[in-house]
Amino acid sequence: MLFNTFSFWIFLTVVLALFYAVPFRYGRYVLLVASYWFYMAWDWRFGGLLAFVTAVNYLAGALLPSASERRRRFILWVSLGSTLGVLGFFKYYDFFAASLAALLGIPADAWQLRIILPVGISFFTFQGLSYTIDISRGTLRPAHSWVDFALYVAFFPQLVAGPIVRASYFLPQLDAWRRPSQGELSEGIGLILLGLVKKMVFADQFAAIAEVYFGGLGANPGGLAAWTGVVAFGMQIYFDFAGYTDIARGCGRVLGFHFSVNFARPYLATDIQDFWHRWHISLSTWLRDYLYIPLGGNRAGRVRTYINLMLTMLLGGLWHGASWTFVVWGGYHGLLLAVDRMIRSAYGKAEPFWMRGPSLRWAARIVTFVLVSIGWVFFRAETFTDAAQVLKAMSWVQGSGDSLFLTGHWVLLGFAVVGMIVQERWKIFERLLEAPDWVRGLAIAAALYSLVLFSYTATSIPFVYFQF
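Just so we're clear, the structure is a prediction, and the values are computed from it rather than from any experiment.

## Description of the overall build of the chain
Of the regular secondary structure elements, the chain holds 18 helices and zero strands. By the compact-globule yardstick of 23 Å for 468 residues, the chain fits well, its C-alpha radius of gyration being 23 Å. The dimensions of the chain, computed from C-alpha atoms along their principal axes, are 65 × 65 × 55 Å. Expressed as a percentage of its 468 residues, the buried residues of the chain come to 53%. Excluding contacts between residues fewer than 6 apart, the proportion of contacts in the chain whose partners are at least 24 apart in sequence is 74%. For the chain, the accessible surface area stands at approximately 21,400 Å², while carbon and sulfur atoms represent 67% of it. Distance between charge centres in the chain, computed from 36 positive and 25 negative side chains, equals 8 Å.

## Some thoughts on the nonpolar core
Residues Phe170, Tyr267, Trp279, Trp376 and Tyr465 are the most contacted members of the largest nonpolar core, which totals 137 residues. With 17 residues, the single largest contributor to this core is helix H9 (residues 223-254). Sequence-distant contacts of tyrosine 465, defined by excluding residues within four places in its chain, comprise Phe123, Val160, Ala161, Ile237, Asp240, Phe241, Trp279, His280, Trp319, His320 and Phe379.

## Brief notes about the packing of H9 against helix H15 (residues 384-394)
Contact geometry of H9 with H15 gives a least axis separation of 7 Å together with a crossing angle of 120°. Classed by the angle they form, the pair H9 and H15 counts as oblique. Where H9 crosses over H15, the two elements pack in a sense that is left-handed. Between H9 and H15, the contacting residues are Gly223, Ala226, Trp227 and Val230 on the first element and Val390, Ala393 and Met394 on the second. Of the residues that constitute the contact of H9 with H15, the class distribution is six nonpolar, one polar and no charged.

Rules behind the numbers
Residues numbered from 1 in each chain as written. Predicted model: local features only at pLDDT ≥ 70, side-chain atom pairs only at ≥ 80, totals over all residues. Heavy atoms only, no water. Helix = DSSP H or I, 4+ residues; strand = E, 2+ residues; numbered from the N terminus. Rg over C-alpha atoms; globule rule 2.2 N^0.38 Å. Buried < 20%, exposed > 50% of the residue type's maximum accessible area, 1.4 Å probe, protein only. Contact = heavy atoms within 4.5 Å. Areas by Shrake-Rupley, 256 points an atom, 1.4 Å probe, with all protein chains shown as cover. Lys, Arg positive; Asp, Glu negative; His and termini not counted. Charge placed at Lys NZ, Arg CZ, Asp CG, Glu CD. Core = buried A, V, L, I, M, F, W, Y, C linked by side-chain atoms within 4.5 Å. Axes fitted to C-alpha atoms, helices over the stretch in contact; angles between N-to-C directions. Parallel < 35°, antiparallel > 145°, perpendicular 65-115°, else oblique. Left-handed = near helix turned anticlockwise from the far one by under 90°. Nonpolar A, V, L, I, M, F, W, Y, C, P; charged D, E, K, R; others polar.

Rendered as C-alpha cells:
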C-alpha cells in the first residue's frame, strides 16, 4: 500500500478506529497485526522474513545481558551474521554473482537467482542490528516483551522507507504511551498533509522531467537539458523521501508516537558535512554510530579519519542499492567529506571562510548544491556509460540544448526554494500549528487545493526509497 493511495487511507482509518476502541495493552496487538498486514500486502511471503529478523534479534537481546563475555561475543556475532546474512542474500547476492561472473568472463546471469528484493529490508534489518548492538554495549535494556520488540521492528508508518528508529527511542514511548493531545493530533494531520504536498505536488511533477531525461539521454542533448534533468531528479528524490517521512511522522503522531526529523532542508547546506547533517539524518547518524565510530572515527589521526570516512560512505552507497554506481556515489561523497574535513582542519576552531558573511554563505550553498547534483548523476544513472554521458552534457561541451522545465516547473522550483528559506528562518510550519483556527483552515484549504490542482490522479508513482 502506497501512502498516496485511497487504500492506505482506508487502512489507516480502520487501524485508528480499532486502536482507540480498545485499551492500550490490547492496542499494541492491533498495531502489530496491522503492521504485518501492511507489510504482507506487498507480498505475503515477506512476512516470514520480517518475523525471522525479529525473532533472531529479540532472542539475542534477551540472552546478552546474562551471558559471559565470551558467550556474549558469540551471541552478538550470530545475531549480526544472521541479520546481515538476510540483507546480503536478498539484496546483494545477484549483484555480486553477476559481478564475479563478468570478472571471470562468463555470462552475467550464470549464477544469478533472480531474487525478489523485499520492500524495506534495508530499514528493518538496520533497526534489528542497532537493537542488538546497543544491548551488547550496555546502553539499552532488552524489550519487556516480544510484542513490544516485534512492534518496534514492524511499526507500519516507517517500516518500508524509514526513518530508521532506534529501540532506545521507540520502546520508552511504548512504556509511557498516552493518547495524543489535540495539538499533537493537529501536528500529525499537518505533517501528513505536508508530506502529501511534497510527494504529489512537487516530487511527482519533477519525476516526470527526470524520467524524460534519464529515460532517453540521446533525445535531449546539451548542458541546459542535462542540468534541468539532473536538478529535476534532485528535487524529486528530496521531496519524495522528505514527503514520505513527513507522512510517516504524521501517522505515528496521530497514534501517539513521535519520530525524529529526518530532513532539515539539506539543499540549504553550506558544505558537504552540513548536507549530511541535514539529509536522511536517521541513516547518517546510524552510519556514524555503528560504522564510522567503531572503525576509529577521527581518533587515529587525519589519514585514518579520511579512510574511515571513505569506507563509511562506500558502504553507505552500497546500502542504497546493489549497483556499482551507488558505490561510486558513496565514494564521491566520502571524498567530498574528506576534503571538507581537510579544509576545516586548516582553520582549527575558527569558522571556515565560506561562513563569514551572508554573501559567502549563499555562494557556499550554491557550490554545495552543484556538488550534490553531480553526485545524483551516479545515483540515478543505470550504468557508468549513462553517467558519463550526463556528466559530459553537464559540462556544456555539447552546447546548451533546451530546458526540460516548463513554466510550471520553474514556478514549483521557486516555491520550493522560498519554502525552504522561510522554514529555515521562521519555522513557518510550527508557527502555523499555533496560529488561529482561521489561519490553519486557510493553510489546509491551500494544501488540499494544490493536491487537486497539481497532483497526478491517474496512477500513483511509488516512493523512490521503496526500492532500498
